[in-house]
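Inside the fold
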Amino acid sequence: MSQINILAIANHPEILETIIRLINQNESWCGLPAGSLEEAEELLRLNSIDLVLLGVGVDEEAGERISSLCQSIDPRIVCLRHFGGGSGLLYSEIRHALVGG
Amino acid sequence: MKKNVLHPAASRFFADHGWLKSAQTFSFHGNYDPQRIQFGALRVLNDDTVNGGKGFGRHPHDNMEIISIPLEGTLEHQDSLGNVALIRRGEIQVMSAGTGVYHTEFNKDQDEPVTFLQIWLYPNKLNVAPRYDQMEYASGDRHNRFQQILSPDPDDDGVWINQDAWFHLAELDKGFEIGYQLKKDGNGVYVFVVGGNVEVEGQPLSVRDGYGFWPESVVSFKSLEKSSLLVMEVPEKW
């Protein structure tokens, strides 16, 4: 299975670090952290991203902006909101998105 | 989509970490079933037992309404908001994680296990200021009646959360029948049997079973033996 690149956006540094650490515990997943929208947009343009997690601090308007950018770069990029900020929901959110749930 | 769900106790995910035994109604941590993601805004219903002196070390949460209801024993809570508290059977704890909060939850007792329900609801607002609260409720106020322990309204009975949800407890004598009046049109009801045997709208349920459905207005309950219930009314969307 090819590697899944996951961009996680959150404005809470410790929570973002936790999410990336948890993502990278799965050998098939690679987490890229973005602490701001600008950083996220740059990473989206420079990398082949499969999945975007909209985390804490990303409001609805910013989420729509990121979703639109994903659509324009590659409509196959899945953009979803991450809730909980830790291990509880992260795996099932990602797995659910990867199977098209 | 509004779909009724029946979750027999034995069909839950079971995680045994030695110090923690967790029966999980919905997909959680490493457990995943696409048919077991949520019931409306209700996303997590974990039935956790933590060994004496053990607990959950410092970990973060955001954008989730997290409710804990001890069934046996005492939990010791500490969080990054500066709260240090004990929470016992007969109390409910709520944490609106919002923009981010760290916390620990440990069994206060060194010898006896603590058993509690850990419940997460999606919030109806993103990125709110984190908040912690707990309250004690009178045990006599749920004998053959519904006792409200949670609502969306800070001025109503129980703790409040950022969601159009209402939680009630009831302890029913054998043979007792009672109706639950829906608080908000369109909401769903998820019943979790803490103890005993009941019929809910004719659906038999045993201890630790869960049943989620979308009633018109009133829900009928019949207790087949002395029973203890948690009734969670939640919206479909959030």
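Residues numbered from 1 in each chain as written. Chains lettered and ligands numbered in written order. Predicted model: local features only at pLDDT ≥ 70, side-chain atom pairs only at ≥ 80, totals over all residues.

Within chain B one finds zero helices and 22 strands. Expected size for 238 residues packed as a compact globule is a radius of gyration near 18 Å; at 17 Å, chain B falls within 12% of this value. C-alpha extents for chain B along the principal axes are approximately 45 × 40 × 35 Å. For chain B, with 238 residues in total, the buried portion stands at 41%. When contacts within chain B are restricted to residue pairs at least 6 apart in sequence, long-range pairs at least 24 apart make up 72% of them. (Helix = DSSP H or I, 4+ residues; strand = E, 2+ residues; numbered from the N terminus. Rg over C-alpha atoms; globule rule 2.2 N^0.38 Å. Buried ≥ 20, exposed ≤ 12 C-beta atoms within 10 Å, placed from the backbone. Contact = placed C-beta atoms within 7 Å.)

A count of helices and strands for chain A gives four helices and four strands. Each helix and strand of chain A, ordered N terminal to C terminal, gives the series β-α-β-α-β-α-β-α. When the backbone C-alpha atoms are referred to their principal axes, chain A occupies close to 30 × 30 × 25 Å. Among the 101 residues that make up chain A, the fraction classed as buried is 42%. When contacts within chain A are restricted to residue pairs at least 6 apart in sequence, long-range pairs at least 24 apart make up 69% of them.

Our next topic: unusual backbone geometry. Residues and elements named next belong to chain B. Residues other than glycine seldom take positive phi values, yet His29 does so here, at roughly 55°. For His29, the position within the fold is in the loop between β3 (20-24) and β4 (42-50). Phi is positive for Asn63, close to 40°, though the residue is something other than glycine. Note that Asn63 resides in the loop between β5 (55-61) and β6 (65-72). Assessed through the 27 C-beta atoms surrounding it within 10 Å, Asn63 is described here as buried.

The next thing to look at is the environment of Gly63 of chain A. Residues and elements named next belong to chain A. Looking at where Gly63 falls in the secondary structure, it is placed in helix α3 (residues 60-73). Along the chain, Gly63 and His96 lie 33 residues apart, while their C-alpha atoms are 19 Å from each other. Not counting the four nearest positions on each side in its chain, Gly63 is found in contact with Leu54, Val58 and Arg81.

Right, let's get into the interface of chain B and chain A. The interface of chain B with chain A comprises 22 residues on the first partner and 21 residues on the second. Top element by residues in the side of chain B that touches chain A is β5 of chain B. It accounts for three residues. Grouping the constituent residues of the side of chain B that touches chain A by class yields eleven nonpolar, nine polar and two charged. (Nonpolar A, V, L, I, M, F, W, Y, C, P; charged D, E, K, R; others polar.)

Residues and elements named next belong to chain B. Reading across from one edge, β5-β10-β7-β8 is the order of the four strands in this open sheet, with antiparallel pairing throughout. The open sheet has two edge strands with one neighbour each: β5 and β8 (84-88). Taken pair by pair, the neighbouring strands of this sheet meet at an average axis angle of 20°, ignoring direction. Bridging between β5 and strand β10 (residues 101-107) involves five bridges; their strand directions are antiparallel. In the sheet register, Pro60 faces β10, and the bridge partner there is Tyr102. (Pairing = 2+ DSSP bridges. Axes fitted to C-alpha atoms, helices over the stretch in contact; angles between N-to-C directions.)

Another aspect to go through is the domain arrangement of chain B. The accessible area lost on association of the parts is a frequent measure of interface size. Residues and elements named next belong to chain B. Under the domain assignment, chain B is made up of domain 1 (12-136) and domain 2 (139-234). Computed over C-alpha atoms only, the centres of domain 1 and domain 2 are separated by 20 Å. Between domain 1 and domain 2, the residue contacts involve 23 residues of the former and 20 residues of the latter. Among the secondary structure elements, those contributing two or more residues to the side of domain 1 that touches domain 2 are β4, β6, β9 (91-96), β11 (114-121) and β12 (131-136). Along the lines of polarity and charge, the residues of the side of domain 1 that touches domain 2 split into 14 nonpolar, five polar and four charged. (Domains from an automatic or database assignment.)

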